[in-house]
Amino acid sequence: ECPGTGSAQAGSAAACQGCPNQGLCAAGAAGPDPAEAAELRARLRAVRHTVLVLSGKGGVGKSTFSAALAHGLAADEHRQVALLDIDICGPSIPKMMGLEGEQVHQSGSGWSPVYVEENLGVMSVGFLLSSPDDAVIWRGPKKNGLIKQFLRDVDWGEIDYLIVDTPPGTSDEHLSIVQYLSATHIDGAVIVTTPQEISLQDVRKEINFCHKVKLPIIGVVENMSGFVCPKCKKESQIFPPTTGGAEKMCQNLNVSLLGKVPLDPQIGRSCDRGQSFLSEAPDSPATLSYRNIIQRIQEYCEQHHSQEEKVI
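Cut-offs and rules
- Residues numbered from 1 in each chain as written.
- Predicted model: local features only at pLDDT ≥ 70, side-chain atom pairs only at ≥ 80, totals over all residues.
- Heavy atoms only, no water.
- 1 Å grid on protein atoms, 1.4 Å probe; cavity = no way out; pocket = protein on both sides within 12 Å on 5 of 7 lines; lining within 4 Å.
- Points joined across faces, edges and corners; volume = space filled by probe spheres on them.
- Helix = DSSP H or I, 4+ residues; strand = E, 2+ residues; numbered from the N terminus.
- Nonpolar A, V, L, I, M, F, W, Y, C, P; charged D, E, K, R; others polar.
- Phe/Tyr/Trp six-rings, centres within 6.5 Å; stacked < 30°, edge-to-face > 60°.
- Buried < 20%, exposed > 50% of the residue type's maximum accessible area, 1.4 Å probe, protein only.
- Arc of directions from axis to C-beta.
- Pairing = 2+ DSSP bridges.
- Axes fitted to C-alpha atoms, helices over the stretch in contact; angles between N-to-C directions.
- Contact = heavy atoms within 4.5 Å.
- Expected span 1.5 Å × (residues − 1).

### Things to note about empty space enclosed by the protein
- What the rule picks out here adds up to 2 cavities of 30 Å³ or more.
- Here the largest cavity defines a volume of roughly 80 Å³.
- Lining the largest cavity are Thr64, Ala67, Ala68, His71, Met96, Ile267, Cys271, Gln275, Ser276, Phe277 and Leu278.
- Mapped by element, the contributors of at least two residues to the lining of the largest cavity are α3 (62-74), α9 (265-273) and α10 (277-280).
- Looking at the lining of the largest cavity residue by residue, the class counts come to 7 nonpolar, 4 polar and no charged.
- Here the second largest cavity is characterised by a volume of approximately 30 Å³.
- A class-by-class count of the residues in the lining of the second largest cavity yields 4 nonpolar, 3 polar and no charged.

### Examining the packing of aromatic side chains
- Scanning the model with the defined rule gives 3 aromatic pairs in all.
- Considering the side-chain rings of Phe65 and Tyr290, the 6.2 Å spacing of their centres and the 35° angle between planes classify their relative orientation as tilted. On the criterion of sequence distance, the pair formed by Phe65 in helix α3 and Tyr290 in helix α11 (residues 285-311) is long-range, its members being 225 residues apart. The two residues Phe65 and Tyr290 agree in class, both being buried.
- For the ring pair Phe277 and Tyr290, a centre distance of 6.1 Å and an interplane angle of 70° mean the geometry is edge-to-face. Of the two residues, Phe277 sits in helix α10 while Tyr290 sits in helix α11, which places them 13 residues apart along the sequence. Of the two residues, Phe277 and Tyr290, both sit in the buried class.
- Linked through ring pairs, Phe65, Phe277 and Tyr290 together constitute an aromatic cluster.

### Here's the deal with α9
- For α9, every residue scored as buried is listed here: Gln266, Ile267, Ser270 and Cys271. End-on view of α9: buried residues confined to an arc of 135°, all on one side of the axis.
- Phi turns positive one or two residues past the end of α9, at Gly274, with a value near 75°.

### Comments concerning unusual backbone geometry
- Backbone geometry places Lys214, a non-glycine residue, at a positive phi of 60°.
- The topology assignment puts Lys214 in the loop between α7 (197-212) and β9 (217-222).
- We classify Lys214 as exposed; its relative accessible area is 68%.
- Located in the positive-phi region is Asn254, a residue other than glycine, with phi close to 60°.
- Mapped onto the elements, Asn254 comes out in the loop between α8 (245-253) and β12 (257-260).

### Some thoughts on the sheet that holds strand β1 (residues 47-54)
- Strand order in the open sheet formed by 8 strands is β5-β6-β2-β7-β1-β8-β9-β12, with mixed pairing between adjacent strands. Each edge of the open sheet is held by one strand with a lone partner, namely β5 (114-117) and β12. Geometrically, the sheet is characterised by an average inter-axis angle of 20° between neighbouring strands, direction not taken into account.
- Inspection of the sheet shows strand β2 (residues 81-85) paired to strand β7 (residues 159-165) by 5 bridges, in the parallel sense. Following the sheet pairing, Leu83 is matched in β7 by Ile163.
- Packing against the sheet, helix α6 (residues 172-181) makes contact with β1 and β7, and its axis sits at approximately 165° to β1.
- Most of the contacts of α7 go to strand β8 (residues 188-193), to which it runs at about 170°, and overall it touches β1, β8 and β9.

### Comments concerning helix α5 (residues 140-153)
- Here α5 is 14 residues long and its end C-alpha atoms lie 20 Å apart, about the 20 Å a rise of 1.5 Å per residue gives.
- Within the sequence span of α5, burial applies to Gly140, Lys143, Asn144, Leu146, Ile147, Lys148, Phe150 and Leu151.
- Close packing links the buried residues of α5 with α2 (34-44), β2, β4 (110-112), β6 (120-124) and α6.

Following this line, the structure appears as structure tokens:
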């Protein structure tokens, strides 16, 4: 396991062998150098809140949740929201946000995000590919370089919430985004799981990763938490919580459970069409759950911001 970028063993532990960031950690330079840090602070100085969406397991609905979170926050037209997709090898955000086929435009102040609405901008490697079917076959250093470019060279402007959708795991992209954003600030991470133990097993690793890199955890979202038949109203557990699900895990690890989102076939259909599920199915139990979770994330971020201001 990674000993953590701030550990005395950083870069020298057995787990560090083969990691592309090993040299930086060993030299005590895991974060950006002072010049890079100044550039990142200048570019992101007008970003009020930054939230990472993480999961140790693939296929748990992390990008779906990121898209719903962005749409939910942007429902207030006075709030500026940005969604950054750093899943380099599997960028699904352009499709989910209805932006497939769009391209990034260069301006005098840098790359311009692609906008869903006037107050909701998106950036993804998917906009840089000639076809949605193109495979991105990159090693760690090239991925890290693109993540840095997204933060440093995109003209984000004034943003209330920057949502960062990450790939599954605890690897290069996760280390890079935490290290680069350490030059500014991160409100915290939302960790997405499904109820079954095979998912929780990897999510525990993600929580451990957050502790080691000193990334605050806003809370855990249990996705695909039961299914209510629209005809007979009977609830079924498609993914049985054999070890107590996210609720039990959160109790054991002293982490907040933000909420449970039930399965709804409309969620998949909305994502495939690039539409907001929250708008297409406003009365769905899943929509109600999403809105409650989003409200809790907002409350956490506002409280975190107030605490930072007091320290300053």
